[in-house]
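# Architecture and fold: a report
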Amino acid sequence: MSNGFHIVVCGSLVPDPLQTLQPVMGASGLPELKSEMMLPSVLDPWAGHALFEAAHLAAKTPESKVWLVSAGPKARLQQLMMTLAQKVPFELVALDGSASGFTDASSVAKSLSEAIEGIAGLDRSRMLLFGGCASASRDAGATMQIVGERLSIHDQFLAVDELDVENDGSLRILERIEGGQYLESVCEGPPAMLGWATGTLPEPKNNPQVGMMNMRTIMPALQRAQSVSVGAGDSTFASVEVPQQRRETRIVKDLPADEIARELVEWIRS
Amino acid sequence: MASILYVAHTEADGTLCKPALEALEAARQLKGSLGDATLTVGLIGHDVQAAADAIASCGADRFLAVAGSEFGVSRYGSDALAITELVKASEATVILAPATSRVTRVLPGVANRCDGCIDTQVTGMSVEDGQAQIQRWYYRQRMVATLTRDQSPWFLSIAAGVYDAWKGDTGTAQVEILAVELDGGATRTRVIGTKATDSDTQTIRPEADLLLVAGAGWTKKQADGQTHVPDAEQLLLEFLDSTQASLGSSKSLVDQDAEGQAVMGFLSHMNQVGQTGSTPRHPKGLATCCHGEEPHVVGWRFINQRRAINMDPNCSWAQGKADVLYVADAFEVMKKVNDLLSKG
Amino acid sequence: MQTPERQSMEVDIVCTGFGPATGGFLTTLAEAMNDDQGQPALMSRVMPGMPLQVICYERADDIGFGVSGIVTRAKGIRDSLPDLDPSQIPLAHSVEGEEVLYLLDPHKVSRRSWSLKMLDRLVHAGKWLLPYKEHAVKLPYIPGFLSKHDGLLLSMGQFNQWVGSQLMSSGLVQVWPGMPVKEPLIEDDQVVGVRLIDQGTDREGNPDAGFMPGMDIRAPLTVVGDGPVGSVGQKLDEHFGLPEGNHQREWALGMKMVIDLPPDCELKPGMVLHTFGYPEPEIFGFLYVYPDGVASAGIFVPSWLDSPVRTSYRYLQHWMTHPALWKHLEGSTMRSWGAKSLQESGKAGEPFLVGDGYARIGEGSGSTNVLTGSGVDEAWTTGVQLAEAVIELVKQDKPFTRENLENTYVRRRRESWVEKEGRVAERSRDGFQKGFVRGLIGMGITGLTGGWLNLSGDSKPPHERIPSIEEHYAGKIPADELKKMRAQCTESGTSLQEALLNRCGWPEIPFDGKLLVSQQDALLMGGKVQAPPGYADHVVFINPELCESCSEKLCIDMCSGQAIAPGENDGVPQFDREKCVHCGACMWNCTRARDGDAEQTNIKFGVGAGGLHSAEN
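Given the structure is predicted, the values throughout are model-derived calculations rather than measurements.

What counts and what doesn't
Residues numbered from 1 in each chain as written. Chains lettered and ligands numbered in written order. Predicted model: local features only at pLDDT ≥ 70, side-chain atom pairs only at ≥ 80, totals over all residues. Heavy atoms only, no water. Contact = heavy atoms within 4.5 Å. Buried area = accessible area lost by both parts, 1.4 Å probe. Salt bridge = Lys/Arg side-chain N within 4 Å of Asp/Glu carboxyl O. Polar contact = N/O pair within 3.5 Å; in protein donor to acceptor, adjacent residues only side chain to side chain. Helix = DSSP H or I, 4+ residues; strand = E, 2+ residues; numbered from the N terminus. Nonpolar A, V, L, I, M, F, W, Y, C, P; charged D, E, K, R; others polar. Pairing = 2+ DSSP bridges. Core = buried A, V, L, I, M, F, W, Y, C linked by side-chain atoms within 4.5 Å. Buried < 20%, exposed > 50% of the residue type's maximum accessible area, 1.4 Å probe, protein only. Domains from an automatic or database assignment. Axes fitted to C-alpha atoms, helices over the stretch in contact; angles between N-to-C directions. Parallel < 35°, antiparallel > 145°, perpendicular 65-115°, else oblique. Left-handed = near helix turned anticlockwise from the far one by under 90°.

Turning our attention to the interface of chain C and chain A. Across the boundary between the two partners, chain C contributes 41 residues, which contact 25 residues of chain A. Interface area for chain C against chain A, summed over the two sides, is near 2800 Å², with a carbon-plus-sulfur share of 59%. When the area that chain C buries against chain A is broken down by residue, the three leading residues are Met-168, Trp-176 and Lys-528 of chain C, summing to 21%. Scanning the region where chain C abuts chain A turns up 1 salt bridge. Residues Lys-34 of chain A and Asp-260 of chain C are paired through a salt bridge, measuring 3.2 Å at the closest nitrogen-oxygen approach. Between chain C and chain A we count 9 residue pairs in polar contact (both at pLDDT 80 or more) in total. For the side of chain C that touches chain A, the secondary structure elements donating two or more residues are strand S1 (8-10), strand S3 (54-57), helix H4 (156-170), strand S10 (174-176), strand S13 (199-201), strand S14 (207-212) and helix H16 (519-527) of chain C. The greatest single-element share of the side of chain C that touches chain A, amounting to 6 residues, is contributed by H4 of chain C. Its residues assigned to classes, the side of chain C that touches chain A comprises 20 nonpolar, 15 polar and 6 charged.

Before going further, it helps to spend a moment on the interface of chain A and chain B. Tallying the contact residues gives 81 residues for chain A and 79 residues for chain B. On the chain A side of the contact with chain B, Asp-234, Arg-247 and Trp-267 of chain A bury the most area, a combined 11% of that side's loss. Joining chain A to chain B, the criterion identifies 9 salt bridges. The closest approach of N and O atoms between Lys-336 of chain B and Asp-258 of chain A, which form a salt bridge, is 3.4 Å. Where the side of chain A that touches chain B is concerned, the elements lending two or more residues are helix H4 (143-150), strand S9 (156-165), strand S10 (171-177), strand S11 (181-187), strand S14 (235-241), strand S15 (250-252) and helix H6 (257-269) of chain A. No other element matches the 11 residues that H6 of chain A contributes to the side of chain A that touches chain B. A per-class count over the side of chain A that touches chain B returns 38 nonpolar, 19 polar and 24 charged. Summarising the sheet, S14 of chain A and strand S8 (residues 143-149) of chain B pair through 6 bridges and their orientation is antiparallel. Looking at S8 of chain B, one finds that Glu-241 of chain A is bridged to Val-144 of chain B.

Formed by 114 residues in total, the largest nonpolar core has its most connected members in Phe-130 of chain A together with Phe-25 and Leu-29 of chain C. The leading source of residues in this core is helix H8 (residues 376-395) of chain C, at 11 residues. There are two domains that each give this core at least three residues, and those are domain 1 (8-81 + 156-247 + 347-424) and domain 2 (87-152 + 249-344) of chain C. When neighbours within four sequence positions are excluded, Leu-29 of chain C is seen to be in contact with Ile-13, Leu-42, Leu-52, Val-54, Ala-387, Val-390 and Ile-391 of chain C. Listed in part, the 77 residues of the second largest apolar core include Trp-251, Trp-319, Ala-324 and Cys-580 of chain C.

A separate point is the packing of helix H14 (residues 479-492) of chain C against helix H15 (residues 496-503) of chain C. Working note: a packed helix pair is described by the angle between its axes plus the distance between those axes. All names here are of chain C. Interhelical geometry of H14 versus H15 gives an angle of 140 degrees and a closest axis separation of 9 Å. When the axes of H14 and H15 are compared, the pair comes out oblique. Remark: the crossing between H14 and H15 carries right-handed chirality. For the pair H14 and H15, contact is made by Glu-481, Leu-482, Met-485, Arg-486 and Cys-489 and by Leu-496, Ala-499, Leu-500 and Arg-503, respectively. A class-by-class count of the residues in the contact of H14 with H15 yields 6 nonpolar, no polar and 3 charged.

It is worth stressing that arrangement in space is one thing and function is another; only the former is reported here.
Here you go:
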């Protein structure tokens, strides 16, 4: 029997972090982002770390395989793949649906878990379910745990920075906790869910050969992407806004450094 | 009638942490606003009596707990069983818990087990027409939404630093201990313990009163045409030592590290504040040698009082982003500040 | 450290740069790759039995990060996309109205020649009779050669993204953004492919953590569409030179913003407004109104602006606040911002279009029409022409030799409207070499006579045109004062150019935090500029001594992203890759000739990763 891992990474697109985001109330009563379809997007950063860690683990563990399960508007997923596919080898499972941050974690988790259940050749006893510790859009840190629950995975870890596979096959895991510390745990083995923080790997370089290889499966996966209904659940939004805070700035010029220091220390101690 | 369950876990010393006491205050306020509601306290830990006694006077209608050595550790499997049992026993319709790492990991799974819904990192609550509304942030804390839900039970984790920590007299709480059987599946994971990260690294200290942000100006050439990075390092470290302030950085400064320029050894991307970094919460913030451009200032959303030191009177801090801008040489000012601080 | 081996990959066609030219090329080629039954119609030579293997590498982090708001007749684009529906492309709109405004100087501070001052006086005297409003005169009619009626307004970023996604979803060709191409592979004067950029290097390009040598992509045909400052095009010109008599001496920097117009703005979608005369006579401006209250507004600062003070960003702000523009723009908010160099030599700057194993298309191939101010449609069309040639050659199983490419691609191009109109335009701007008014008259004469008559003017490389600051301000600012200003600015690390503009009476910009913001805010809020670590600096100051002796250091003030800053002791400037928007302005605004090549400057502008992250431009 193979000892390799079947690593399923959940991750989708979020707006490029440098973009200006402005919420507007959509026609359906659900918030959306202004010009959402025009915003350049990137792979959700924490999910990105999860994917790179998955590829790294798969590369050093024979007979392992990596799937990336992504729910998002098909056209934008395609665009995301143009940069992502050059990074590491993976097989895409694409779901055509909303990638909005205003969707509900459980609604997204339902679509993702059903897609994972449908992956042909996936051995769930060898499965490591990877994702980000939170998405940069929904900002909740809830989806991966619900996907895990729905797949009956009860060994779950969040804000993971390190995973080591021990000689006996057990998993030694470091999770970020309060006070800049780590919680160290050992899990007997797969299946397990790991919601990654930044991990320890740098972003892989773009590799044209990886890109060529991935594209052979990515384009067909996009073409057969199932449409999924991802919504905001039973949430009713009263408002969404970017808080505006403009202060009356007091500009202090020509004051000697001694005076400024005195004023600052007084303020620090107040 | 709403049935509020407040869930918290004890720390290694058997106490409740500050965020837990803040969440308790949130639960009490919610009960008060709803009027017709009950409040149950549900504790998890190795031994919970001391913690329950410490909050005995909080006004809870009932104290429940799941206790024992297996529940003294932070582990998804056992925590999920414990909280599920607390929800069942209390017949809760709203569950509030502090957004600690332990709760953050387990609460969504429990919500799923209980056929409930969940919102995390809640920063405010109110009651409109008898219905609870919450505030929470989206897109890396860049926009805030006010929303409500119909589904029950509704799980809420309360962000730290929003509510005042509950304070009250200790007493003797009558704690009903619930029996929770752990099957083999719940203990497949063994918790080894905690581990400190590299002690040389200065990180954001969530408890600090002051955030000091270092910008790229510290590594640029000064009036004498030279850079003074070692001096800058010393000034900043001295300041951090004497104030115990949290250390943040602008993106451009930590990016220089990746570019191989001389930068401060104790800074990493973990310190980065802003649109592509973190959004820390501190009562005060002092920006030094940093221009205060919009993408950076986005990370200052939860910094109440803001002051900045910059040579450029037209820098962005002057455009309504800081309360006070000192147009001055930060090297000179911070040296004087350190002198004054060292004098006590 | 063990250096990893350089890898190599073989394809049939490798393209460098994904802009309108490559878009036209790939769109046309992809359409011919399958037959009616969906079977491959064009077969690979490097992978027998497989369909043609076509790959395109784009430097920027996404295919939609190009910088241009454009108005185009879209003749070529519509020929290849007859069903094009502008409503399917965000920000696209048909042209609904055109105006050209001559802007007078409300502050009386711009550099106006006596002839222009005369003209201004005449305008003032007759303003009751003229269509004069807010210090501007509307031209009574738009000459046919400038008119874009029936044309399209496009955001280049959104158009590229739309074309790219159509191509990718066809599955027939591959387009990879975020992958800069370093240089062509030339063996015995034959181009045999390209080399990608090294990754995991320090700023000097030496191997560093995670070093990965750039892969060699070998291909029988290399399609060069990397624009006016593209590294492959530059290297080909260095190797093969330019055809005799041709030069690439005319440039312009286009800098613009995409803005949300105020709710009460009266401008209707499809409106095109062109301006000239202010903030300096030579600076042209444009305002294009997209759907949903969005507009693209910007200026062109040309190489024939014979002034050593040319901070484009400041000029952009002065232009926007001109009363004739400000009445529309007041209350607007910036959405995005960017800048790009334009190769303004047009046909006169045409390089060798083909050679063994390569062909050049688009702006870098001299296709821009400098009379009509049109480049995108021409670029697209040259791509289409090359694709038609390639299809013909593949079907006939002929190799991509210079001769075969001459007989197919170049022949098509020479017979087309691109060439015909390009020839008319070739000398249309020569008059600007001798002054603004002469230039305008020259353009008019060329346009109205169909290129039969032109006003002459000798072209010079930009670095020969730019006077020193002392020369330029002689008689305007006393030498002593200028010296003092220079010393003060050096000491305080502030911009001398800004100080000079203030000294000459240019008003301070009233920052409003929305549209009028500092350049750094524009860079971050509007440009969203970033660069990944692990790449060599792509701006290199070749001979440090030349920089040390340079008193203008125009590279610093002309840098759109403020990525070039004063160096130690006012010596070699410092380059910060994090802020670079890859406009290439430094390359042609350097005032020192390169040792051994008077056509080039002392700044080498290579290929680098990162840049703008805005898809609205």
